Amino acid sequence: MVVSGYKEKEGESLTPFYNLITTKSAWLKHSVKPWLKTGTEDELASRPYNTERILHYAAALQLVSRKTTIPVPRLIDFGKNDDGTAWIELERPRGVWLDAVGDQCRMPAGKKHVADGGECDECDRIARANARRFIAEEVVPQLNSLTSDTTGLDGVVIPPLWVQFHTKTAYWPSKKSASGQQEYVFCHGNLHGHSIMMHAETLHVLKIVDWEDAGYFPPEFQLWSVERSDYEDLYENDEQRKRLMALMM
Ligand SMILES: [Zn+2]
């Protein structure tokens, strides 16, 4: 089936975390080794937890697909290599990133919001409203129902990037609840317009992807936004970051 607006290209791309190979039907993500630079001096060096992030992605998909109805990409396989890197293969959803919905009008011919079918604020608005409602009503309540008495996932705590970004505290120990209660909730950790994939025609949520930063955290960590600027604000909010970090110690 050809879905209009399906724009993500096939090929290979390198980030500070992983190498991503995109084919017609699959994504293959491969963690990069910690010392591997991405290119010029100006670019970011690789981050800690590259291997763990790939393994967390697989563990999170298994947990979420087993215990909730949250739509996630199908996990084909994953594993660790002899050199310490890890890989994950996923079925590639046929959708469009929420942040890219407004690149063109998604309505059928004859019902276009804009005459030339180009950039469309109305499609962007509809898609973000649908995503906001779906996450608030379907995703977050189900994530909050997954609880633990220990932070992190499988013994490793990967702080969300918006907490980690301005701090030198890169490694957090796994923490056990002092009360013995299941007080920590499962968080996606990076839920925004480029981890939410939309159906290009209905403009409803198709899949929630990129679970590399997922894990159990205090409920205050259950933060997300479908608005680009609001999500970027998470990175800039010093007061919030300090408060969240204190909860983890
Ligand atoms: Zn439109």
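Treat the numbers as computed from the prediction; the structure is a model and nothing was measured. The numbers attached to residues start from 1 for each chain and follow its sequence in the written order. Where local features are concerned, this predicted model is filtered to residues with pLDDT of at least 70; where side-chain atom pairs are given and counted, the filter is 80 or more; whole-chain, interface and lining totals use all residues.

Looking at the overall build of the chain
Numbering of helices and strands starts at the N terminus; helices are DSSP runs of H or I of at least 4 residues and strands are runs of E of at least 2. Looking only at helices and strands, one finds five helices and 11 strands in the chain. Think of it as a crowd count around each C-beta: if 20 or more other C-beta atoms lie within 10 Å the residue is buried, if 12 or fewer it is exposed, and in between it is partly exposed, with C-beta placed from the backbone throughout. Going through the 249 residues of the chain one by one, you find that 35% of them count as buried. Two residues qualify as a contact pair if the distance between their C-beta atoms, derived from the backbone, is within 7 Å. Taking as baseline every contact in the chain between residues at least 6 positions apart, the subset at least 24 positions apart corresponds to 67%.

Re the sheet that holds strand β6 (residues 96–97)
As a general point, the strands of a sheet are linked pairwise by backbone hydrogen bonds and lie either parallel or antiparallel. Pairing between strands is defined by DSSP: at least two bridges between them are needed. One open sheet accounts for three strands, arranged β6-β9-β10; its pairing is antiparallel. Of all strands in the sheet, those bounded by a partner on one side alone are β6 and β10 (205–208). Alignment of β6 against strand β9 (residues 196–198), held across two bridges, turns out to be antiparallel. Considered in β9, the bridge of Val96 is made with Met198. In this fold helix α2 (residues 121–144) packs onto β9 and β10, with an angle of close to 55° to the strand it touches most, β10. Interaxial angle, 0 to 180 degrees, is taken between N-to-C directions of lines fitted to C-alpha atoms, where a helix line uses only the stretch in contact.

Focus: the environment of Ala200
One can find Ala200 in the loop between β9 and β10. Looking at Ala200, the number of C-beta atoms within 10 Å reads 21, which means it is buried. Separated by 104 residues in the primary sequence, Ala200 and Val96 place their C-alpha atoms 5.8 Å from one another.

Details of the pairing of strand β5 (residues 86–91)
Here strand β3 (residues 26–31) pairs with β5 via five bridges, running antiparallel. Counterpart to Leu28 in the pairing with β5 is Glu89. Here strand β4 (residues 75–80) pairs with β5 via five bridges, running antiparallel. Following the sheet pairing, Lys80 is matched in β5 by Ala86. The turn joining β4 and β5, which pair antiparallel and follow one another in sequence, is formed by five residues; a positive phi near 95° is taken by Gly84.

Description of α2
An ideal rise of 1.5 Å per residue puts 34 Å on 24 residues; α2 measures up with 32 Å between its terminal C-alpha atoms. The reported bend at a residue is simply the angle between two axes, fitted to the 7 residues ending at it and to the 7 residues beginning with it. Along α2, the largest kink reaches about 40° and is centred on Ile135. Within the sequence span of α2, burial applies to Cys123, Asp124, Ile126, Ala127, Arg128, Asn130, Ala131, Ile135, Val139 and Leu143. To estimate the expected span of a helix, count its residues, drop one, and scale the result by 1.5 Å.

Notes on the sheet that holds strand β7 (residues 147–148)
In space, the three strands of this open sheet follow the order β7-β8-β11, with antiparallel pairing throughout. Each edge of the open sheet is held by one strand with a lone partner, namely β7 and β11 (215–217). Summarising the sheet, strand β8 (residues 184–187) and β11 pair through three bridges and their orientation is antiparallel. Within the sheet, the bridge partner assigned to Cys187 lies in β11 and is Gly215.

Observations regarding the nonpolar core
What we call a nonpolar core is a set of buried Ala, Val, Leu, Ile, Met, Phe, Trp, Tyr and Cys residues whose membership is set by joining through C-beta atoms within 7 Å. Membership of the largest hydrophobic core comes to 50 residues, with the highest contact counts inside it found for Ile54, Ala127, Ala131, Ile196 and Met198. In contact with Ile196, other than residues within four places in its own chain, are Leu98, Ala131, Val205, Ile208 and Val226.

As for helix α1 (residues 50–67)
In this model, α1 (18 residues) spans 26 Å end to end at C-alpha, consistent with the 26 Å of a helix rising 1.5 Å per residue. On its buried face, α1 is in contact with β2 (18–22), β3, β4, β5 and β11.

Regarding unusual backbone geometry
At Asp154, a residue that is not glycine, the phi angle is positive and equals roughly 55°. In this fold, Asp154 is placed in the loop between β7 and α3 (161–164). Of note in the backbone geometry, Asp210 takes a positive phi value of approximately 60° without being a glycine. Relative to the elements of secondary structure, Asp210 occurs in the loop between β10 and β11. For Asp210, a count of 21 C-beta atoms within 10 Å gives the class buried.

Quick word on the pairing of β10
Inspection of the sheet shows β9 paired to β10 by three bridges, in the antiparallel sense. Directly across from Met197, in β10, lies its bridge partner Lys207. Hairpin remark: β9 followed by β10, antiparallel, with six residues in the connecting loop; positive phi at Leu203, about 60°.

A look at the confidence of the model for the chain
Looking at the chain as a whole, the pLDDT averages 88, with 89% of positions reaching at least 70. In the predicted structure, residues 1–8 sits below a pLDDT of 50 and forms 16 contacts with residues beyond four places in sequence or in another chain. A score between 0 and 100, pLDDT records how confident the predictor is in each residue.

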